[in-house]
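# Architecture at a glance
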4 protein chains.
Amino acid sequence: MNANQIDKPLCNCGVVGVYNHPQASLMTYYALHALQHRGQESAGIVASRPSSTRPDRRKFSIHKAHGLVLDIFANEELLLDELRGDAAIGHNRYSTTGSNIKRANIQPFYSSYHAGNLALAHNGNLTNTISMRSKLSDEGVLFQTSTDSEIILHLIARSREVTTMGRIQDALRQVRGAYSLTILTDEGLIAARDPHGFRPLCIGKLGESYVVASETCALDIISAEYIRDVQPNEIVLIDEHTLRTGEIRSMQIDDVTPRPAYCIFEYVYFARPDSRIFGEPVDKVRRRLGKRLAEEAGMLPATPDGKVVVINVPDSSNTATLGYARVNETLHNADTRYEIGLIRSHYVGRTFISPGQANREFKVKTKFNTVRGVLEGQQVVVVDDSIVRGTTSKALVSLIREAHPTELHMRITSPPITHPCRYGMDFPSKEELIANTYNLDIEAIRESLGVDSLHYLSVEGLLDAVPHDNGEGYCTACFTGNYPVPIETAANKMALEELG
Amino acid sequence: MNANQIDKPLCNCGVVGVYNHPQASLMTYYALHALQHRGQESAGIVASRPSSTRPDRRKFSIHKAHGLVLDIFANEELLLDELRGDAAIGHNRYSTTGSNIKRANIQPFYSSYHAGNLALAHNGNLTNTISMRSKLSDEGVLFQTSTDSEIILHLIARSREVTTMGRIQDALRQVRGAYSLTILTDEGLIAARDPHGFRPLCIGKLGESYVVASETCALDIISAEYIRDVQPNEIVLIDEHTLRTGEIRSMQIDDVTPRPAYCIFEYVYFARPDSRIFGEPVDKVRRRLGKRLAEEAGMLPATPDGKVVVINVPDSSNTATLGYARVNETLHNADTRYEIGLIRSHYVGRTFISPGQANREFKVKTKFNTVRGVLEGQQVVVVDDSIVRGTTSKALVSLIREAHPTELHMRITSPPITHPCRYGMDFPSKEELIANTYNLDIEAIRESLGVDSLHYLSVEGLLDAVPHDNGEGYCTACFTGNYPVPIETAANKMALEELG
Amino acid sequence: MNANQIDKPLCNCGVVGVYNHPQASLMTYYALHALQHRGQESAGIVASRPSSTRPDRRKFSIHKAHGLVLDIFANEELLLDELRGDAAIGHNRYSTTGSNIKRANIQPFYSSYHAGNLALAHNGNLTNTISMRSKLSDEGVLFQTSTDSEIILHLIARSREVTTMGRIQDALRQVRGAYSLTILTDEGLIAARDPHGFRPLCIGKLGESYVVASETCALDIISAEYIRDVQPNEIVLIDEHTLRTGEIRSMQIDDVTPRPAYCIFEYVYFARPDSRIFGEPVDKVRRRLGKRLAEEAGMLPATPDGKVVVINVPDSSNTATLGYARVNETLHNADTRYEIGLIRSHYVGRTFISPGQANREFKVKTKFNTVRGVLEGQQVVVVDDSIVRGTTSKALVSLIREAHPTELHMRITSPPITHPCRYGMDFPSKEELIANTYNLDIEAIRESLGVDSLHYLSVEGLLDAVPHDNGEGYCTACFTGNYPVPIETAANKMALEELG
Amino acid sequence: MNANQIDKPLCNCGVVGVYNHPQASLMTYYALHALQHRGQESAGIVASRPSSTRPDRRKFSIHKAHGLVLDIFANEELLLDELRGDAAIGHNRYSTTGSNIKRANIQPFYSSYHAGNLALAHNGNLTNTISMRSKLSDEGVLFQTSTDSEIILHLIARSREVTTMGRIQDALRQVRGAYSLTILTDEGLIAARDPHGFRPLCIGKLGESYVVASETCALDIISAEYIRDVQPNEIVLIDEHTLRTGEIRSMQIDDVTPRPAYCIFEYVYFARPDSRIFGEPVDKVRRRLGKRLAEEAGMLPATPDGKVVVINVPDSSNTATLGYARVNETLHNADTRYEIGLIRSHYVGRTFISPGQANREFKVKTKFNTVRGVLEGQQVVVVDDSIVRGTTSKALVSLIREAHPTELHMRITSPPITHPCRYGMDFPSKEELIANTYNLDIEAIRESLGVDSLHYLSVEGLLDAVPHDNGEGYCTACFTGNYPVPIETAANKMALEELG
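All values derive from a computational prediction rather than experimental measurement.

### Thoughts on the overall build of chain A
Along its length, chain A carries 19 helices and 24 strands. Here chain A has a C-alpha radius of gyration of 24 Å; the compact-globule value for 500 residues is 23 Å, and the two agree. With respect to the principal axes defined by its C-alpha atoms, chain A has extents near 80 × 50 × 50 Å. The buried share of chain A, reckoned over its 500 residues, is 61%. A separation of at least 24 residues holds for 73% of the contacts in chain A among residues at least 6 apart in sequence.

In structure tokens:
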């Protein structure tokens, strides 16, 4: 059991691309580290450099492994020599452990085809995987991984289009679902984002170098300047032409761009607060989530001294808690204090030994401890970003109760999670979601968590808090079950699993 | 270069002891994890269990290695089988890398002598190491490590006293300096604290088990209840007698207990905010440090909108910053906002690749990023706990400046550090301390750091903020040069280094 | 530098297949260990077991890594649980180190295609790799390795034939060169050998289980009984039908079977002496090589005491030396003694530190030492199996000279090597072969090696010594340059290298 | 289970010392590799170099670990930088696995004492360990290992003598039993051998450098010239004086040198055949053992064709088998052929997976295979050096029987082993020795092994075969129970084990 494994959605990946930097792999490594929160189980880098023998082909090299970015690439020779080159792409991933065949699934994928070298990193999930795999298999395609991402590679290789951009457009027109991609070929760096734009993807510039990354925090770490997002439904090509003219050539995937379906959970939990995604800084949105929640949740029961202590769950709800605390004070005239009542350990190993019954309790204590003086004898409000299974929340409540607050209230800056994500996040099964266990009966959930009151943000409140001058469309499927892109059936999904 | 290595004192250890618990090593492991902040380079556990052949001897087993606690012991079989037993001691340490002989220095130390088994874990530094080593060597003692701690083992083994407690008392009367010790023998668990009580050490109880640890956060993680501190000048014995009667037998080291010399830097930086040491919760003291600093530092220059943004350096100055912000608002009528302007990465690898000039900048960016929206166009105050070399501070200032605050002020919740610690912390050499580089000229330091104003807490302010109903004595040597216990000369120190 | 790396051809692989054994992976592991001499750098096993969900599909699992077989699979859980199943194939390989893309080249290869699972292990080299890769690439095929073996997988997947056997036949009809294959599908275990039969491949039986392996020593280790060789130009299918009826179904690859081209170097050096290949025990052939060499080499110069000491180079020339010694004694009336004059170290690490000039000398001394008493003052004949670059031979001669023989004669049980192998062995480049360096001038080679006389076996002698009731055809290309199957040109080969 | 673990005595160590060589650690590493057969579980090197600060002190560094020499030191930087120096000692050891406290037992041991640095490597076993440990413990000595070797270190450190040689002499006069030592101090390299000279120890010269090693094969690998043995009862000092004058100063340990007690098993099995020990090349003695055995064993039963095939067990009985075969032919008029009937695998991993019943059979097959053509239908004699438990012999007999010899006879070039060694070899317990199981009834042993006849060499034959101009004394305790030096009782031994 990973000590880091807390009750949050696990699988959402990070992608990076660097073009025209003398140490492209080193820049990719820093950028992947900044995106480590998007996937902690494996990472990889593919680099390319000019070939000494053929002007139209480059030498590609690759390294990928299980582990954290700083550990996998903790080798100067690896980054600067084996992976030397002026272009690179990288990928972070949370992969399920288990069979070795699945180890083949660590990205980026590299292969060669008639037009040369091809490497790809993918964040998101395709939704027509079954039918596409079946169609390609019938045509004689071999699959060496059990991922949906490999489909895109084969479609590019089999396209009859004559340009790389044309082949990629052709390929992406055939797949459905969520994808933010970085692709490295002999010609240059390509980035693409699905027509709905589920996952973020941005472009930056560092001197004469170009950088593509899932979030802007990956630009910041290498001091690259944010230029713009890759738009939903857009493929961009960064190549020699870009270096000469400054122009990033762009192409649409589908002829008509649908209404966007930005993943609203990126704002709630996934993205880093110091990133700017979907046109707005994440920390700003989180603060609004906290404020709106305070408005919706209303007044707390009066206490003799009128004091309320509001604490965050470090570090996922830090900013939202600040927003909550401020509105609570001004709106409800409460003597509200934002306090640090939970301390988070910085030292997390790969595994955590915890035999026997006390498992969950110890796991949470390995990560958090309370500051008793802050909580004892107080009316405490703990603000968290979301509840999935509820297991960590329960353990946290027990932990806080040990410090003897007079009351303990929980506020959640998102609505109850009721549906699995089909576009890139890995929630537990529908049955395991606490909101479903109790049939959305908030009082029953409150009781099971052991808090004195519980308030979730409403879907309306959530939608009000996110920016709306960016195309006005969000995917809220995990809260509402409204899936913007249809999914192939579960029966077929089992057939796929048989393959790996 | 360890990515985690930021410009703070490095070496201060954590010690643990557990008695009468069926999984003593597992409890020690959790406790050591809670003390991980006191030393991240190596750790070890010695466990003991009854012997099947001799009633007066126990079987001892040991495991120690470089790395984090959760990684070193990431093996259920190791903790539950190899290290099985009902008593254990443990140690965390920041050891300098390098020669293998020094690897012998990882604690706890284990050895056998005429009275049986003996294992010891030591936090602190002795000050008469040279003369004691020389004296013992002359008597034919072999030294297998280059640590001061080994001296205590030999003194115990060579004592003519007839009881274990007597031998330990005899040994400790001969050494000077700082020590918080846990000792495991065939008879039981012994804990001791030097007459000045430099380092913290507390006793807790978990059902019928006893726990000794450097800080109370190590009791919390295993839900042990705090009983009391081991007092300065006290040796305690937890054994069968304790189990039968509930009495923890105690003995003084020196006949006369001197004025305490609690390490004030434990309050400033070292101890975890959720611990209670020297009679007071650490977070409470830190809040007072921030408040007092706000009082001392006075008003900031007026800005057009009258707004001040106060940010912490996560996570070392979190609580102190809250205190600063509150007093600044009330006292200086400022529209002060505590904000989260720096984000700290949770993912830190063992090494960090950063070739070439940009080294320091990248290192700090691997750990921190700014939240631009919070800082841009604002009058920003960053509150930190201390400045050692100033290297990290400079890099942080550069990082914050990239987010374009209108002004950037730095407030430090401790006085300038001017002297090395001789009692267990590992500061850089005197010459490297930024306060000495600029001869305590605050204006020159300010300029070198690149901030618009700089204010350190005064020594008086510091002493006012710490508790004074606990015996009223602190070691402030790193700020004042007043060393409570004299040190053997540097010339001799070099002789010692020659040995290892 | 691998301490084991002596001046012999390096790359020749070993393949294994096991069918209908409850611990198929364990049997494969033993068999691969017995074939360890055929490749020491990497190994892998693919296992399959019935699927719980689909009767026509099996669950496949895979593990492959760099290292020796006993080390890679030194994990009971891996072999018995992760790789559990009743069918398995395995592969040993000497892979060149370097880029990670090449790490993808470790076999067996696994993939899924429209007809299900497909895994393949290949010993040999295809000769129409360039044109086939090019053709497939043009059709949209992605290559994920830089091996020729992957071509076969794609051809099988793309075949329009309806049965597995038909698809494999279809695929193999399109490739040229050398291959001994084991293939695992959902239906069963398939083995195939190219029409010329360059590399050995045999079938054995162990109770109700079937085993396919490169050499019979792999049958011996698991006590399987040798049944027959897979014939040149033959594909065999071992499946449920085989279990029911005892019949191994068989199919020809090409309509006409050409004259065989058995690799004669397998008899000279590669195969283990306890194996039976191409219809004859290897040790028997090696003895004949030694005998024939003694006949050809003629009498040694007379010595005062008439004594000749004949020594082997352990362990590659052990048996041949026995043959040489016996004939020398009977034919040349010499007082010939077979003696052990060189001792070989059993302990060989993965790397060997030998900085500076003395490199080669130390390397040979890490592996061999002389028995001085056997050599001093004697007329010594050292019998070796072959000379490639001559580097090891020179170092061995120096080593033996240190023991002061009066004379030192070298006898080689094969002809001078003058041409690279194109069918699976990895010789150094043509220029590096000592026979080419000296333009086949034996006297010049003798002088460069520093021996008093040198005699190679003639090609005729070599051909006389190998069995001739087995189809009467050998590949002697490395000695004669007569390549039985034409090779695509070097220009194209460079193009291929560009890919990986 | 180590795949290499065959039924032979396991524990006997190798020691090395190098003085005045610019790469002393590198030379020690080669020498330890040559002595790898004397211990395969762990190894270590201690090096020393001049100190920059004190003329009378040197800098010592150490590296030791579990594994083979070539693997432990597979790091050029480690050998040439970390362990740089002009003097070094090294040690090979077969350590039992298990508790970590025992890991502290890996040699060489390093410590510092009043006279400076002290490192020691020890081959052999002391016999008054209990009383010496007890005496030293009573005097306040701490033991950090459970080895007898540590006693010597403490005795040196506690000696009142004023010179290093004097202190070592003083220490060695107090211990009893077997020891061949290399010691490194600030002054130079010291070597010592116990008064009976149980274990070998020799001195060599390489240019201006001096080398001390357990066997001469360690001199050969670095091309050092053999000078002489360290004599029984002798301490030698190689230091600056030696470099200036060429004189190796020497001192006696006890005033009276007793009759030697050279370990006769070194000749039978332990020492490498290419070494010269106790005044004679090992291979020469082994040949005589084989010859004498052939004389004693007499004629084999006549076969129809009069042919006898004699095979060795590679590689321990190679030379002895040659001797046996020759005498058998000449003396018994048999048509005797020395043949290679068993092939030994070169590839041995650290562990060997062999679950279930077939364990022993597979283990032997992982190491050996038969050459069927040599054995089938023949009267076979297998010559081995010794039988301990008999387990490997039984498995070998089964293996050979699978090749269908008509008869199988076993000849052993040593007498039945009936007693444990107390001077450095690790035999199984007395009860497990097959000779004791069957009460020395050779016919019963023969039947249990499953051979047609069995003949051991007599003790007289053994003594006749070893050299007798070297002082005429051997320890034959393992065959006869005559222990030259008395042993402390088993009861005390258990007390010792309690300590670790």
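### A look at the interface of chain A and chain C
Taken together, the contact pairs 31 residues of chain A with 30 residues of chain C. Looking at the side of chain A that touches chain C, the elements that each hand over two or more residues are β3 (58-66), β5 (109-113), α4 (129-138), α5 (149-158) and α19 (490-499) of chain A. Split by residue class, the side of chain A that touches chain C holds twelve nonpolar, 13 polar and six charged.

### Some remarks on the domain arrangement of chain A
Accessible area lost upon the coming together of the parts serves often as the stated size of an interface. In terms of domains, chain A is made up of domain 1 (14-261) and domain 2 (281-470). Of the residues belonging to the side of domain 1 of chain A that touches domain 2 of chain A, the class tally is three nonpolar, five polar and one charged.

### Looking at the relation of the copies chain B and chain A
Between the two copies of the chain lies a rotation about an axis combined with a shift along it. Rotating chain B by 180° and translating it 0.0 Å along the rotation axis places it on chain A, where the RMSD comes to 0.1 Å. Overall, the copies show the geometry of a two-fold rotation axis. Distance from the rotation axis, computed per C-alpha, reaches its smallest value in chain B at His346(B): 3.2 Å. Taken together, the interface assignments show that 100% of the residues at the interface of chain B recur at the interface of chain A, consistent with an identical surface on both copies.

### Description of the arrangement of the chains
Separating chain B from chain C is a minimum C-alpha gap of 16 Å, and the two share no contact. With no contact between them, chain A and chain D keep their nearest C-alpha atoms 15 Å apart.

### Some details on helix α12 (residues 318-332) of chain D
Residue pairs three or four apart in sequence face the same way in an α-helix, which turns once every 3.6 residues. Residue and element names in this part refer to chain D. Look at α12: 21 Å from first C-alpha to last across 15 residues, which is about the 21 Å you get at 1.5 Å a residue. Regarding α12, the residues found buried are Asn318, Thr319, Ala320, Thr321, Leu322, Gly323, Tyr324, Ala325, Val327 and Asn328. Contact partners of the buried residues in α12: α11 (282-297), β17 (307-312), β18 (335-339), β21 (379-384) and β22 (407-412). Where α12 ends, the next residue or the one after it, Asn333, has phi of about 50°, a positive value.

### With respect to helix α6 (residues 164-174) of chain A
Residues and elements named next belong to chain A. Of the residues making up α6, those classed as buried are Thr164, Met165, Arg167, Ile168, Ala171 and Leu172. One face of α6 carries all of its buried residues, which in axial projection span an arc of 160°. On its buried face, α6 sits against α5, β7 (180-185), β8 (188-193), β12 (234-239) and β13 (249-252).

### Let's talk about the nonpolar core
Counting residues in hydrophobic clusters, the biggest one holds 641 residues, and the most contacted among them are Ala31(A), Ala31(B), Ala31(C) and Ala31(D). Look past the residues within four positions of Ala31(B) in its chain and what remains in contact with it is Val16(B), Gly90(B), Val211(B), Ala213(B), Ala218(B), Ile221(B) and Ile222(B).

### Comments concerning the relation of the copies chain A and chain C
Each copy superposes on the other: chain A lies on chain C with an RMSD of 0.0 Å after a rotation of 179° and an axial shift of 0.0 Å. In this assembly the copies share their binding face: 97% of the residues contributing to the interface of chain A also contribute to that of chain C.

### A closer look at the sheet that holds strand β2 (residues 42-50) of chain C
Residue and element names in this part refer to chain C. The antiparallel open sheet is built from seven strands, whose spatial order is β3-β2-β4-β1-β10-β9-β11. Looking at strand neighbours, the two that pair on one side only are β3 (58-66) and β11 (225-229), the edges of this open sheet. Put simply, the sheet's adjacent strands are angled 15° from each other on average, direction ignored. Pairing geometry for strand β9 (residues 202-206) and strand β10 (residues 209-213), over five bridges, is antiparallel. For Cys202, the partnering residue across the bridge sits in β10 and is Ala213.

### Describing the pairing of strand β4 (residues 87-93) of chain A
Residue and element names in this part refer to chain A. Extensive coverage of β4 is indicated by the burial of seven of its seven residues. The side-chain alternation of β4 yields two buried faces, one formed by Ala87, Ile89, His91 and Arg93 and the other by Ala88, Gly90 and Asn92. Of the strand pairs in this sheet, strand β1 (residues 14-19) and β4 are connected by six bridges, and their pairing is antiparallel. Of the residues in β4, the one forming a bridge with Val15 is His91. In terms of strand pairing, strand β2 (residues 42-50) meets β4 through seven bridges, oriented antiparallel.

### Observations regarding the packing of helix α11 (residues 282-297) of chain C against helix α12 (residues 318-332) of chain C
Residues and elements named next belong to chain C. With their axes 7 Å apart at the nearest point, α11 and α12 run at an angle of 40° to one another. Seen from above, α11 lies across α12 with right-handed handedness. Residues Asp283, Arg286, Arg287, Arg288, Leu289, Gly290, Lys291, Leu293, Ala294 and Glu295 of α11 lie in contact with α12, whose contacting residues are Thr319, Ala320, Thr321, Leu322, Gly323, Tyr324, Arg326, Val327, Asn328 and Leu331. Split by residue class, the contact of α11 with α12 holds eight nonpolar, five polar and seven charged.

### Notes on the environment of Tyr226(C)
All names here are of chain C. Relative to the helices and strands, Tyr226 resides in strand β11. Since 17 C-beta atoms lie within 10 Å of it, Tyr226 is described here as partly exposed. Taking the C-alpha atoms as reference, Tyr226 lies 9.4 Å from Arg276; in sequence the two are 50 residues apart.

### Focus on the sheet that holds β5(A)
Residues and elements named next belong to chain A. Reading across the sheet, the six strands line up as β5-β6-β7-β8-β12-β13 and stay open at both edges, with antiparallel pairing between neighbours. The sheet terminates laterally at β5 and β13, the two strands that pair on one side only. Geometrically, the sheet is characterised by an average inter-axis angle of 20° between neighbouring strands, direction not taken into account. In this sheet, β8 lies alongside β7 in antiparallel orientation, the contact comprising five bridges. When the bridges of β8 are listed, Leu184 appears paired with Leu189. Contacting β5 and β6 (116-123), α5 crosses the sheet at an angle of about 145° to β6. Its contacts with the sheet put α6 on β7, β8, β12 and β13, and the angle it makes with β12 is roughly 155°.

Rules and cut-offs
- Residues numbered from 1 in each chain as written.
- Chains lettered and ligands numbered in written order.
- Predicted model: local features only at pLDDT ≥ 70, side-chain atom pairs only at ≥ 80, totals over all residues.
- Helix = DSSP H or I, 4+ residues; strand = E, 2+ residues; numbered from the N terminus.
- Rg over C-alpha atoms; globule rule 2.2 N^0.38 Å.
- Buried ≥ 20, exposed ≤ 12 C-beta atoms within 10 Å, placed from the backbone.
- Contact = placed C-beta atoms within 7 Å.
- Nonpolar A, V, L, I, M, F, W, Y, C, P; charged D, E, K, R; others polar.
- Domains from an automatic or database assignment.
- Least-squares fit on C-alpha atoms with pLDDT ≥ 70 in both.
- Expected span 1.5 Å × (residues − 1).
- Arc of directions from axis to C-beta.
- Core = buried A, V, L, I, M, F, W, Y, C linked by C-beta atoms within 7 Å.
- Pairing = 2+ DSSP bridges.
- Axes fitted to C-alpha atoms, helices over the stretch in contact; angles between N-to-C directions.
- Left-handed = near helix turned anticlockwise from the far one by under 90°.

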